[in-house]
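Secondary and tertiary structure notes
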Amino acid sequence: MSETKFFHSVYLDESKCKGCVQCLKRCPTQAIRVRNGKAHINSERCIDCGECIRICPYHAKCAEKYSFNEILEYKYRVALPAPSLYGQFNNLDDTDYVLTGLKRLGFDDVFEVSKGAELVSEATRLILSMNKTKMPVISSACPAVVRLIRVRFPSLIDNVLDLNAPMEEAARLARIKAREDTGLPDEDIGVFFISPCTAKISSIKQPLCNEKSNINGVFGIKDIYPVLFQQMDKIEKLENLSESGIIGVGWASSGGESSALLKDRYLAADGIESVIKVLGELEDEKLNDLEFIELNACSGGCVGGPLTVENPYVAKARLHRLRKYMPVSCNHLEYETVPKEMHWQKPLEAAPWKLADNVSEAMAKMSEIKQLMTVLPGLDCGMCGSPSCQAFAEDTVRGHADINDCIFFLKDKEGAKNFIPAPFRGSDDTK
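Residues numbered from 1 in each chain as written. Predicted model: local features only at pLDDT ≥ 70, side-chain atom pairs only at ≥ 80, totals over all residues. Heavy atoms only, no water.

Quick notes on the overall build of the protein
Helix and strand counts for the protein come out as 16 helices and 11 strands. A compact globule built from 431 residues should have a C-alpha radius of gyration of about 22 Å, and the protein, at 24 Å, falls within 12% of that. Taken along the three principal axes of its C-alpha coordinates, the protein extends 80 × 50 × 40 Å. Per-residue burial for the protein yields a buried fraction of 55% across its 431 residues. (Helix = DSSP H or I, 4+ residues; strand = E, 2+ residues; numbered from the N terminus. Rg over C-alpha atoms; globule rule 2.2 N^0.38 Å. Buried < 20%, exposed > 50% of the residue type's maximum accessible area, 1.4 Å probe, protein only.)

What follows is the structure in structure tokens.
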């Protein structure tokens, strides 16, 4: 397999980084190292989940931002609000306040992602009813989870549902509607997603299973929230814009997608650590009695995304109250089949992290790692700049770290020196 180049929406601001190792310990794919007092992100392993943004006490991890002036490059502009956006506002009893506010910001139209979610829910129900997919089916809605499976659980790729995420499905339909309403070509139509998370930004810039995204730009919820709130406060007359119901808006929080399937053999897990545990059990064939697995990298679901402004549990409670005033669903497939346009254009490919390009070299490195592990303390303290002793051994074997970086090894250098593989003994004082 050729080398995979990932686009990343998460990056490090070195001027703010203190090398505190907080991010190091929480990264789900062990993509972060601390060297020379600064964090470094490994592109091959990063899945853009945004956990490092959430945990960094110095705000040194950042998400790529886009200027709002980008909408001016298009003659016709469409906003795609994620359903999690509705949970950011206190005492909201009508989503038309948010949608009307977006139009007042400069958009010509709005198209709710919750509309796409309702269509994806119905398509998923049809696919499950046909019993032609590998069970249990894993939702493809969370791009961080999909990347995690590619990198860390490639054996589960065949379980992943090959449907567009609601965001992308909504963008596809919004673009069709805009062309029909205006007669403009695609290049004059700008479709902009209001995102709760960084992984969605990456999936737009570098689609994994489509040739290109129908979305032209992304704005984080926390970036657009202040100006949107000001516009909402000035609204005197609402436009009737809402076209989604309980099922679509329910996707904003964990369990919403699963409950829309109207089945009981499902599992919904949120938070990246819980997701990894579930994927591990699924890989061990412990969950084969389930039909569907919904996984969200963020705690609470999309309402817990790193680009939101509200406590995820508060946002979830607000959405629960808001849904009381809504119909069950407003969007349905035209026929009793899933349109081919809703499916991926190309299959999902594995992108596992490799020790070496060929098997013999990788096996030799694995042997060296095992030898190093016999002299390391196994405390996984992170003081060496690697997230675990295993990761430190790998880094040392690959030449990215030195055995003397382990402070516990230095304390017992004499007792451990005979166990160190020859290539890693360093200078005379470690021999």
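Notes on the packing of aromatic side chains
Applying the stated criterion across every chain yields a total of 8 aromatic pairs. Both rings, one in Phe68 and one in Phe107, keep their centres 5.8 Å apart while their planes meet at 85 degrees; by these two values the pair is edge-to-face. Of this pair, Phe68 sits in the loop between strand S4 (61-63) and strand S5 (76-81) while Phe107 sits in the loop between helix H3 (96-104) and strand S6 (109-110), and the two are 39 residues apart along the sequence. Phe68 sits in the partly exposed class, given a relative accessible area of 29%. Residues Phe89 and Phe229 carry aromatic rings whose centres are separated by 6.5 Å and whose planes lie at 5 degrees to one another, so their mutual orientation is stacked. Placement of Phe89 in the loop between S5 and H3 and of Phe229 in helix H8 (residues 221-233) is noted, with a sequence separation of 140 residues between them. (Phe/Tyr/Trp six-rings, centres within 6.5 Å; stacked < 30°, edge-to-face > 60°.)

Quick word on the confidence of the model for the protein
When pLDDT is averaged along the protein, the result is 91, and 94% of the positions lie at 70 or above. In the predicted structure, residues 427-431 sits below a pLDDT of 50 and forms 8 contacts with residues beyond four places in sequence or in another chain. (pLDDT = per-residue confidence, 0-100. Contact = heavy atoms within 4.5 Å.)

With respect to the pairing of S5
Across the 6 residues that make up S5, a large majority, 6, are buried. Residues Tyr76, Val78 and Leu80 line one face of S5 and the alternating positions Arg77, Ala79 and Pro81 line the opposite face, and both faces are buried. Pairing of S5 with strand S8 (residues 189-195), which is carried by 6 bridges, proceeds in the parallel orientation. Looking across to S8, one finds that Arg77 is bridged to Gly190. Taken together, S5, H3 and S6 form a β-α-β motif whose crossover is right-handed. (Pairing = 2+ DSSP bridges. Right-handed = clockwise from strand over helix to strand, strands pointing away.)

Describing the packing of helix H5 (residues 143-152) against helix H11 (residues 272-283)
Running from N to C, H5 and H11 point in directions that differ by 50 degrees, and their axes come no closer than 12 Å. Viewed along their axes, H5 and H11 adopt a mutual orientation that is oblique. The element H5 and its partner H11 pack so that their crossing is right-handed. Within the contact between the two elements, H5 uses Val145, Leu148, Ile149 and Arg152 and H11 uses Ile272, Val275, Ile276 and Leu279. Per-class residue counts for the contact of H5 with H11 are 7 nonpolar, no polar and 1 charged. (Axes fitted to C-alpha atoms, helices over the stretch in contact; angles between N-to-C directions. Parallel < 35°, antiparallel > 145°, perpendicular 65-115°, else oblique. Left-handed = near helix turned anticlockwise from the far one by under 90°. Nonpolar A, V, L, I, M, F, W, Y, C, P; charged D, E, K, R; others polar.)

What about the pattern of salt bridges?
Within this structure, the stated rule accounts for 19 salt bridges. Here Arg175 and Asp186 are joined by a salt bridge, their closest N and O atoms 3.6 Å apart. Of the two residues, Arg175 sits in helix H6 (residues 166-182) while Asp186 sits in the loop between H6 and S8, which places them 11 residues apart along the sequence. On the basis of relative accessible area, Arg175 is assigned to the buried category, the value being 6%. The exposure class of Asp186 is partly exposed, given its relative accessible area of 34%. Each of Arg26, Glu51, Arg54 and Glu273 takes part in a single network of salt bridges with overlapping partners. (Salt bridge = Lys/Arg side-chain N within 4 Å of Asp/Glu carboxyl O.)

Quick notes on the environment of Lys65
Along the chain, Lys65 falls in the loop between S4 and S5. Between the alpha carbons of Lys65 and Ser9 there is a distance of 8.5 Å; along the sequence they are 56 residues apart.

Details of the side chain of Thr100
Turning to its location among the elements, Thr100 is positioned in helix H3. Given a relative accessible area of 2%, Thr100 falls into the buried group. A polar contact is formed between the side chain of Thr100 and the backbone oxygen of Asp96, at a distance of 2.7 Å. Once residues within four sequence positions are removed from consideration, Thr100 is found in contact with Ile235, Lys237, Leu238, Glu239 and Leu241. (Polar contact = N/O pair within 3.5 Å; in protein donor to acceptor, adjacent residues only side chain to side chain.)

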